[in-house]
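The chain contents come next:
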Amino acid sequence: MKNKVFWFVVGSQHLYGEETLKQVIIHSKEIAEHINAYQENPCIVKFKDIVTTPDEILRVCKEANQDESVAGIITWMHTFSPAKMWIKGLKILNKSMLHLHTQYNQELPWDKIDMDFMNLNQSAHGDREFGFINTRLRLNRKVVVGHWKDEDVLKEIASWERVAATYDKSRKLKVARFGDNMRQVAVTEGDKVEAEIKLGWSINGYGIGDLVKIVNQVSEKEIDNLVLEYKEKYIINTTKIESIREQAKIEIALERFLKCGGFNAFTTTFEDLHGLNQLPGLAVQRLMEKGYGFGAEGDWKLGALTALMKYMAQGLDGGTSFMEDYTYHLEKGNKRVLGAHMLEVCPSIALDKPRIEVHPLGIGGKDDPARMVFNSKEGQGIMVTLVDLGDRFRMIANKINLKRIPEKMPNLPVARSLWEALPDFKTSATAWIYAGGAHHSVLTTSLSMRQLQDFAIMADIEFITIDENTDLNQFENELRMSDVIWKLKGIK
Ligand code: MN
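Residues numbered from 1 in each chain as written. Predicted model: local features only at pLDDT ≥ 70, side-chain atom pairs only at ≥ 80, totals over all residues. Heavy atoms only, no water.

1. Focus on the overall build of the chain
Inference 1: Helix and strand counts for the chain stand at 15 helices and 19 strands.
Inference 2: Whereas a compact globule of 492 residues would reach a radius of gyration of roughly 23 Å, the chain reaches 25 Å, a difference of no more than 12%.
Inference 3: Along the first, second and third principal axes, the C-alpha atoms of the chain reach 80 × 55 × 45 Å.
Inference 4: Counting contacts in the chain only where the partners sit at least 6 residues apart, residues at least 24 apart contribute 79% of the total.
Inference 5: Averaged over its 63 positive side-chain charges, the chain has a centre that lies 2 Å from the centre of its 67 negative ones. (Helix = DSSP H or I, 4+ residues; strand = E, 2+ residues; numbered from the N terminus. Rg over C-alpha atoms; globule rule 2.2 N^0.38 Å. Contact = heavy atoms within 4.5 Å. Lys, Arg positive; Asp, Glu negative; His and termini not counted. Charge placed at Lys NZ, Arg CZ, Asp CG, Glu CD.)

As structure tokens, then:
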């Protein structure tokens, strides 16, 4: 992400003379450098140009489209920039845009202010003219308002850059599927062609034999080295080293396959493991820890979403994992969700050093798989899922508070999380079920609701929030209204 570039493009016109334009360039460079130097800035922000004519604007937009390193542009109208000049450029721009509504001067120079100052510092109306044309063109863009040195403004820009860089990544994302969806499951299905049109995801299926071939080529020496790494990073809580070696072999082969094909995410299914001795468990957890997305039971939507959310969160505190609402604690006044999966939870959310253990798996009919077992950290988080409603993709996000797990649970051989869903258990689960939310989600403690919503806006998919303000009556109305809105849009 740190190599992605955002161009700072500043609008003006020739009405005020060369001297004013020189000032505009000097100020614009200073602002771009300030944004770029901000400690939380995840990418590169570069002053590109001031643009003063329709041709210049069109040229910059064409260049931005063609430059692979450019993930988006940040625009600002230092002076007035008649917005008809922007139409041709904005109509072809296919990169994300942030409209920064700022002003070079922080305070009015009360005793010195004259009409030259007014003409130079007129973003107050220059940016409104620009805002109109974006709205008139129905452009998805982000508006950030405030002085460019204010911390909240810099934070908002940095946060949006993560989203725009992730959207850029989304358009190049590749998912490898080993086997199909688990038979008869509905929510993990969806329209892969539409996902590629809408989100840019290339979802490709492979026979498990394609993977098994590579697994069988892994050398004993490679396995020895990887097991040494396991011993350093995790607690080995078993004597069944052969089972761990089997997962090491799968990890090496899977990573080789993914690297070779340029894949960012993958799926497995326990119904199709011919030639593999174990369901990939530890191997999947390790690859998620390295940043790969994963979806269980053929769930390519969640595999892709996990990859993108991990990408968006890189360098931030917290963790991001594939997750499933598994079972409940329904004590009065203390209702909790216990989240886990058969094996595949990412150690980026672990409280302590994970323990590698080997236990039988009730389903799938394979050898006992090695897996990492741990409890997750406490703190605020978000559960996010993505469903295909037939006429559109819907992203649903629910705020949660991750809790300390109060008991040992010695017989539960998987990594787990315990949380309180907002606004409360009953409202959260009711809303989630009305919205058609899946049992698979991505749990993140690194990202904000705003970032997820900004991503949905960029990708033009529906976004549904469940948080401390959710009221069920309003929520049900929102869902009904939303159905009408998306039908009127007439596109998926
Ligand atoms: Mn599952």
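We are not done yet, so read on.
2. Here we look at the pairing of strand β18 (residues 440-444)
Inference 1: Here β18 lies mainly inside the structure; five of its five residues are buried.
Inference 2: Of the two faces of β18, the one holding His-440, Val-442 and Thr-444 and the one holding Ser-441 and Leu-443 are both buried throughout.
Inference 3: Of the pairings in the sheet, the one linking strand β11 (residues 320-331) to β18 comprises five bridges and is antiparallel in character. Residue pairing in the sheet places Phe-322 in a bridge with Val-442 of β18.
Inference 4: Here three bridges tie strand β15 (residues 379-388) to β18, and the two strands are oriented antiparallel to one another. Pairing of Val-384 across the sheet is with Val-442, part of β18. (Buried < 20%, exposed > 50% of the residue type's maximum accessible area, 1.4 Å probe, protein only. Pairing = 2+ DSSP bridges.)

3. Things to note about the nonpolar core
Inference 1: Counting residues in each nonpolar core, the largest one holds 133 residues, and the members touching the most others are Ile-74, Leu-100, Trp-201, Leu-211, Tyr-230, Phe-266 and Phe-455.
Inference 2: Each of domain 1 (5-170) and domain 2 (174-489) accounts for three or more of the residues forming this core.
Inference 3: Beyond its immediate sequence surroundings of up to four residues, Tyr-230 is in contact with Ile-236, Ile-244, Gln-247, Ala-248, Glu-251, Leu-282, Arg-286 and Ile-356.
Inference 4: Judged by nonpolar contacts, the second largest core, of 19 residues, contains Val-70, Met-85, Trp-86 and Phe-130. (Core = buried A, V, L, I, M, F, W, Y, C linked by side-chain atoms within 4.5 Å. Domains from an automatic or database assignment.)

4. Describing the packing of aromatic side chains
Inference 1: In this structure the tally under the stated criterion is 14 aromatic pairs.
Inference 2: Considering the side-chain rings of Tyr-206 and Phe-263, the 5.7 Å spacing of their centres and the 80° angle between planes classify their relative orientation as edge-to-face. In this pair, Tyr-206 is assigned in strand β7 (residues 202-206) and Phe-263 in the loop between α10 (241-261) and β9 (265-267), connecting sequence segments 57 residues apart.
Inference 3: For Tyr-206, a relative accessible area of 27% gives the class partly exposed.
Inference 4: Seen in terms of ring centroids, Phe-294 and Phe-322 are 5.5 Å apart; in terms of plane orientation they differ by 80°. Their pairing is edge-to-face. On the criterion of sequence distance, the pair formed by Phe-294 in strand β10 (residues 293-295) and Phe-322 in strand β11 is long-range, its members being 28 residues apart. For the pair Phe-294 and Phe-322, one class covers both residues: buried.
Inference 5: Taken together, the aromatic side chains of Phe-178, Tyr-206, Phe-257 and Phe-263 make up a single cluster linked through ring pairs.
Inference 6: Above the plane of the ring of Phe-263 lies Lys-174, whose end atom (NZ or CZ) is 4.8 Å from the centre. (Phe/Tyr/Trp six-rings, centres within 6.5 Å; stacked < 30°, edge-to-face > 60°. Lys NZ or Arg CZ within 6 Å of the ring centre and 35° of its normal.)

5. Thoughts on the coordination of the manganese ion
Ideal values for angles at a metal depend on the geometry: 109.5 degrees with four tetrahedral donors, 90 or 180 degrees with six octahedral donors.
Inference 1: Note on the manganese ion: its protein donors are Glu-297 (OE), Glu-324 (OE), His-341 (NE2) and His-440 (NE2). The metal-donor distances range over 2.1 to 2.4 Å.
Inference 2: Site description for the manganese ion: donor spacing in sequence, E-x26-E-x16-H-x98-H. With a gap of 44 residues between them, Glu-297 in the loop between β10 and α12 (300-312) and His-341 in the loop between β12 (334-340) and β13 (355-358) connect regions that are remote in the sequence. Accessibility assignment for this pair places Glu-297 and His-341 in one class, buried. (Donors = N, O, S within 2.8 Å, 3.2 Å for Na, K, Ca; no water.)

6. Side note on the sheet that holds strand β1 (residues 5-11)
Inference 1: The strand order across the open sheet formed by five strands is β2-β1-β3-β4-β5, and the pairing between neighbours is parallel. Each edge of the sheet is formed by a strand with only one pairing partner; in this case those strands are β2 (44-51) and β5 (142-145). In this sheet, adjacent strand axes meet at a mean angle of 25° when their direction is disregarded.
Inference 2: Helix-sheet contacts for helix α1 (residues 18-37) involve β1, β2, β3 (70-77) and β4 (96-101), and the interaxial angle to β2 is about 165°.
Inference 3: Where helix α2 (residues 54-66) meets the sheet, its contacts fall on β1, β2 and β3, and the angle it forms with β2 comes to roughly 155°. (Axes fitted to C-alpha atoms, helices over the stretch in contact; angles between N-to-C directions.)

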